[in-house]
Amino acid sequence: MKCNVGKVDKMLRIGVGVVILLAGVLAQSWWGLVGIVPLLTGLVGYCPLYSLINLNTGCKGECDR
């Protein structure tokens, strides 16, 4: 699994994931669990959807952890 998520993309995904999770908690809704997807892909640095469409926002597929 090569990293295909760049630094800016990672920060945005983590931020959006946290916001969605918090919104779900505040609204007492299970829909907040949707925030786990962008949060995990941001933390791991790999997005399966990006692999399917051959997209890479990182540097030559290498992680910048």
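Preceding block: the structure.
Model, not experiment: these values are computed from the prediction. (Residues numbered from 1 in each chain as written. Predicted model: local features only at pLDDT ≥ 70, side-chain atom pairs only at ≥ 80, totals over all residues. Heavy atoms only, no water.)

Student: What am I meant to see in the pattern of salt bridges here?
Tutor: A side chain of one charge can pair with a side chain of the opposite charge when the charged atoms of the two come close. For the coordinates displayed, the defined rule picks out one salt bridge. Among the ionic pairs, Arg13 bridges to Asp9, the shortest N-O distance being 3.1 Å. Pair noted here: Arg13 and Asp9 are both in helix H1 (residues 7-26), with a separation of four residues, about one helical turn. Arg13 sits in the buried class, given a relative accessible area of 14%. (Salt bridge = Lys/Arg side-chain N within 4 Å of Asp/Glu carboxyl O. Helix = DSSP H or I, 4+ residues; strand = E, 2+ residues; numbered from the N terminus. Buried < 20%, exposed > 50% of the residue type's maximum accessible area, 1.4 Å probe, protein only.)

Student: Please clarify how the packing of aromatic side chains should be interpreted in this entry.
Tutor: We describe a pair of aromatic rings using the distance from one ring centre to the other and the angle between the two ring planes. If you walk through the whole model with that rule in mind, you get zero aromatic pairs. The aromatic ring of Tyr50 is capped on one face by Arg13, whose charged end is 4.8 Å from the ring centroid. (Phe/Tyr/Trp six-rings, centres within 6.5 Å; stacked < 30°, edge-to-face > 60°. Lys NZ or Arg CZ within 6 Å of the ring centre and 35° of its normal.)

Student: Is there a simple way to think about H1 in this case?
Tutor: Helical geometry: 3.6 residues make up each α-helical turn, so side chains three or four residues apart lie on a common side. Here H1 contains 20 residues, and its C-alpha end-to-end distance of 29 Å stays within 8% of the 28 Å for a straight helix at 1.5 Å per residue. Residues of H1 that are buried: Asp9, Lys10, Arg13, Gly17 and Gly24. One side of H1 holds all its buried residues, which, seen down the axis, span an arc of 100°. Opposite the packed face of H1, turned more than 90 degrees from it, sit the exposed residues Lys7, Val8, Met11, Leu12, Val19 and Leu26. Where H1 is buried, its residues touch helix H2 (36-44) and helix H3 (48-52). Downstream of H1 by one or two residues, Gln28 has phi in the positive range, about 50°. (Expected span 1.5 Å × (residues − 1). Arc of directions from axis to C-beta. Contact = heavy atoms within 4.5 Å.)

Student: Looking at this structure, how should I read unusual backbone geometry?
Tutor: Excluding glycine, residues mostly carry a negative phi; peptide bonds, for their part, are mostly trans. For Gln28, which is not a glycine, the phi torsion comes out positive at approximately 50°. Among the secondary structure elements, Gln28 is positioned in the loop between H1 and H2. Looking at Gln28, the relative accessible area reads 75%, which means it is exposed. For Asn54, which is not glycine, the phi dihedral falls at a positive 55°. Here Asn54 shows up in the segment after H3. Overall, Asn54 belongs to the exposed group, its relative accessible area being 72%.

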